[in-house]
Amino acid sequence: MHGSRNDVPQPGANKPGNDIESENSASELSILRDVLRLLPNGVTVQDDQGRVLLANDAAITQLQIDANAALPQAPRRDAALEAFRTGQPMVVEESVDREGGRQVFLTCHQPVRIAERDVLLSSSADITGQKAFEDHLFRSAYYDELTDLPNRRVIEHRVNKLLTAEDTSGFALAFLDVDNFKQINDYYGHAAGDALLVEMARRISLNLRQSDMLSRISGDEFVLLLHPVQDQEEVSEFIRFMLERVKAPFFIDGSEIFASVSIGVSLYPDHGRSYDALRHNADIAMYRVKNAGKGAAAFFDDSMEQEVQARMKVEQSLRLAILEKRFCCAFQPKVDIRTREIKGIEALVRLRDDLGVIQAPGTFINLATELGLIDELTHLVLADIVRSIDLINDTFGHKTTISVNVAAKQAGNREFMRPFAEALERTGFPKRFMIEVTEDAFVTKSVFQDEILPILREIGVGISIDDFGTGYSSLSALADITADEIKIDRSFITDIHKRPRSQGILRAIESLSEALGMTVIAEGIETHEELAYLQAATKIRYAQGYYFDKPIFLEDLKLATPPRSESRGLLESRPAQESRSGYSRAPGYRR
Ligand code: C2E
Ligand code: MG
Ligand code: MG
């Protein structure tokens, strides 16, 4: 311990007494010295010039005191001088920069008078670890770990502060959402998705001012505060450049990834006077951009609010329709184009709205998916099929396959697909079912490919790729897809006889599917010319389309047809008529 050879008064030093007493005092003193030396806290005694009169081992290390100097100096401690000046004890945090990083101490400075000298007694506890932990807690409460951006609480707090400031200048709040982020994640993997977000955040942050703030509020959503702003043009200009930066390719893990963001902007005070109102309206503007094709920006305006109200109404009636199970299926046959034999049927869901009018899925499927109602709806479709199975068998035969459409979003969701597969098995005839999913569900490394497909295979359910040619995958991606059937989208089939380019594509899909053992179905045949082309120029055997049959309500068939015992595997080519109030049976239909 340093200091014992200096003139610091020692415990018991001027106590009078006999030899035994002084012997005792000496041994007490030596114990005290050892105790002081071994204390885990740093202890120093300094004079009013900051010179160290006494320092224990911990203090020597903490303050890096040169213990061999005649009158060692402690590093400059402002708080120590202050304590001396005021004569009051002080507790402060002190830090020392070391090679291994900054060390932090909690120090108590206590001015005392000992042996008629004013000295400062200081004791320091090392709280570096605790501080690091507190910093970590602070950062994880307020900062996003991946991008290091402040989180939603921070930006909300910042905006609220602006709103309560005396002289609030105008500002803009932009809501940014990465387009198709889920697909990017599914296709390139989560690590690449994360790297993309980090780089995206960097590009968005470029050219921000000190007073602006970018925050990541959830997975692929960011909120940007631009403050102050003079007018809308200023913001438009800034965002235009940002959109350009984001559109440039990202190079991640050897892949060139293209991405974009959709941005909605609201301005204070025109579009709201609270964080929630501004955020909500920016959100509405962002959704407008998403629906209009993504990768752009829009400012909020009042007409958007009305649109949202109208949508809310549709939403409410859809929820009610689900609750009241006002859904049923129309069935459309898949036909052998040479024999007209029915290979299978596809269940197409219909909604009976509040007024009893039948609505096609185009008006509600996307909304149902967005609202998380699609799973329930798909179970209703299956229930309808099970309920109608006798009628299905009577009308189309016992061997026809029965196709059910599953949205790509559902296909990759094990929480839906596992129970749904179980429900298919419980019908007692799982082998007759086919699941129709769009190619988006098959992107590599997807849950659907890896986990769900094997389960469906196990119970004998067939897999069909719906609307092929309209999604993300390329022809080469087909090689990785294990499906039984591929349905070529109507956009390739319409007027096929007049479109050489579509003919080329059709041939390519056809030969690839043949090599992979997949049955090809042409969707949406409406005219005799289209059919004639398929028959003459391709080996495609199956088709679906109004030319053969429109989707049919079995109930309508039952009502319009006197019962007959023989089941019917063949249909005439006259289409049944679908009307808004349902279907009437075509003259050709018999049971
Ligand atoms: P999809 O699965 O590709 O079904 C074929 C759609 O094309 C059906 O429309 C059908 O009525 C229509 N169609 C068939 N032949 C022709 C034709 O010759 N010409 C024309 N113009 N159209 C034809 P629908 O019933 O309106 O269904 C639209 C889409 O809604 C379906 O496309 C499917 O993606 C989706 N959908 C239907 N039911 C369900 C369901 O239960 N669940 C899910 N997730 N989606 C469903
Ligand atoms: Mg389909
Ligand atoms: Mg289709």
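Above this text you will find the structure in question.
Throughout what follows, the structure given in this document is the object of discussion. (Residues numbered from 1 in each chain as written. Chains lettered and ligands numbered in written order. Predicted model: local features only at pLDDT ≥ 70, side-chain atom pairs only at ≥ 80, totals over all residues. Heavy atoms only, no water.)

### Digging into the coordination of the magnesium ion (ligand 3)
Point 1. Coordination sphere of the magnesium ion (ligand 3), protein contribution only: Asp466 (OD), Asp467 (OD), Glu523 (OE) and Glu523 (OE), at 1.9 to 2.7 Å.
Point 2. Here the magnesium ion (ligand 3) and the magnesium ion (ligand 2) are spaced 4.1 Å apart, and both take Asp466 as a donor. One end of the pair, Asp467, is in strand 18 (residues 462-468); the other, Glu523, is in the loop between strand 20 (519-522) and helix 19 (528-537), with 56 residues separating them in the sequence.
Point 3. Judged by relative accessible area, which is 24%, Asp467 ranks as partly exposed. (Donors = N, O, S within 2.8 Å, 3.2 Å for Na, K, Ca; no water. Helix = DSSP H or I, 4+ residues; strand = E, 2+ residues; numbered from the N terminus. Buried < 20%, exposed > 50% of the residue type's maximum accessible area, 1.4 Å probe, protein only.)

### So, the site of ligand 1
Point 1. Looking at ligand 1, there are 24 residues lining it, with Glu346, Asn405, Asp466, Glu526 and Tyr546 nearest.
Point 2. Glu523 has a polar side-chain atom sitting 3.1 Å from an oxygen atom of ligand 1.
Point 3. In the model, an oxygen atom of ligand 1 is placed 3.4 Å from a nitrogen or oxygen of the Ile525 main chain.
Point 4. Coverage of ligand 1 by the protein amounts to 82% of the 790 Å² it exposes when considered alone. (Near = heavy atom within 4 Å. Polar contact = N/O pair within 3.5 Å; in protein donor to acceptor, adjacent residues only side chain to side chain. Areas by Shrake-Rupley, 256 points an atom, 1.4 Å probe, with all protein chains shown as cover.)

### Topic: the nonpolar core
Point 1. With 77 residues, the main nonpolar core has Phe327, Phe448 and Leu456 as its most contacted residues.
Point 2. Not counting residues up to four positions away in its chain, the partners in contact with Leu456 are Met417, Ala421, Leu424, Ile435, Phe448, Val461 and Ile463.
Point 3. By size, the runner-up hydrophobic cluster in this structure holds 33 residues, among which are Ile204, Leu224, Val229 and Ala259. (Core = buried A, V, L, I, M, F, W, Y, C linked by side-chain atoms within 4.5 Å. Contact = heavy atoms within 4.5 Å.)

### Considering the sheet that holds strand 7 (residues 213-218)
Point 1. Spatially, 7-8-6-11-12 is the arrangement adopted by the five strands of the open sheet, whose pairing is mixed. Where the open sheet ends on each side, the last strands, each with one partner, are strand 7 and strand 12 (297-299). Going across the sheet, the axis of each strand differs from the next one's by a mean of 20°, ignoring polarity.
Point 2. Here six bridges tie strand 6 (residues 171-178) to strand 8 (residues 221-226), and the two strands are oriented antiparallel to one another. Bridging across to strand 8, Asp177 finds its partner in Glu221. (Pairing = 2+ DSSP bridges. Axes fitted to C-alpha atoms, helices over the stretch in contact; angles between N-to-C directions.)

### So, the state of the cysteines
Point 1. Per the stated rule, a full pass over the model turns up zero disulfides.
Point 2. Here Cys328 is not disulfide-linked; the sulfur of Cys329 is the nearest cysteine sulfur, at 6.9 Å. (Disulfide = S-S within 2.5 Å.)

### Observations regarding helix 12 (residues 374-387)
Point 1. With 14 residues, helix 12 extends 20 Å between its outermost C-alpha atoms, agreeing within 8% with the 20 Å of an ideal straight helix rising 1.5 Å per residue.
Point 2. Along helix 12, the residues classified as buried are Ile374, Leu377, Thr378, Leu380, Val381, Leu382, Asp384 and Ile385. (Expected span 1.5 Å × (residues − 1).)

### Focus on the sheet that holds strand 4 (residues 101-114)
Point 1. Read from one edge of the open sheet, five strands run 2-1-5-4-3, paired in antiparallel fashion. Of all strands in the sheet, those bounded by a partner on one side alone are strand 2 (52-55) and strand 3 (90-98). Direction aside, neighbouring strands of the sheet carry axes that sit 25° apart on average.
Point 2. Sheet analysis places strand 3 next to strand 4, joined by nine bridges and oriented antiparallel. Bridge pairing in strand 4 places Met90 opposite His109.
Point 3. Packing against the sheet, helix 3 (residues 78-86) makes contact with strand 1 (42-46), strand 3, strand 4 and strand 5 (117-126), and its axis sits at approximately 140° to strand 5.
Point 4. Against the sheet, helix 4 (residues 128-142) makes contact with strand 3, strand 4 and strand 5, and its axis sits at roughly 125° relative to strand 4, the strand it touches most.

### Considering the pairing of strand 18
Point 1. With six of seven residues buried, strand 18 is to be regarded as a mostly interior element.
Point 2. Two strands pair when backbone bridges link them, and strand 17 (residues 433-438) and strand 18 are joined in this way by five bridges, in the parallel orientation. Following the sheet pairing, Met434 is matched in strand 18 by Gly462.
Point 3. Examined bridge by bridge, strand 18 and strand 19 (residues 485-488) share three bridges and lie parallel to one another. What sits directly across from Ile465, in strand 19, is Ile486.

### Observations regarding the side chain of Lys487
Point 1. Looking at where Lys487 falls in the secondary structure, it is placed in strand 19.
Point 2. At 2.8 Å, the side chain of Lys487 and the side chain of Gln544 are in polar contact.
Point 3. The residues touching Lys487, leaving out its near neighbours within four places in the chain, are Lys334, Glu346, Glu436, Ser464, Ile465, Asp466, Asp467, Phe468, Ile521, Glu523 and Gln544.

### With respect to the environment of Ile392
Point 1. With respect to the helices and strands, the residue Ile392 is situated in helix 13 (residues 389-396).
Point 2. Judged by its relative accessible area of 0%, Ile392 is buried.
Point 3. For the pair Ile392 and Leu554, spaced 162 residues apart in sequence, the C-alpha separation works out to 7.5 Å.
Point 4. For Ile392, the residues in contact, after removing those within four places along its chain, are Phe331, Ile345, Ile385, Gly397, Ile402, Arg432 and Leu554.

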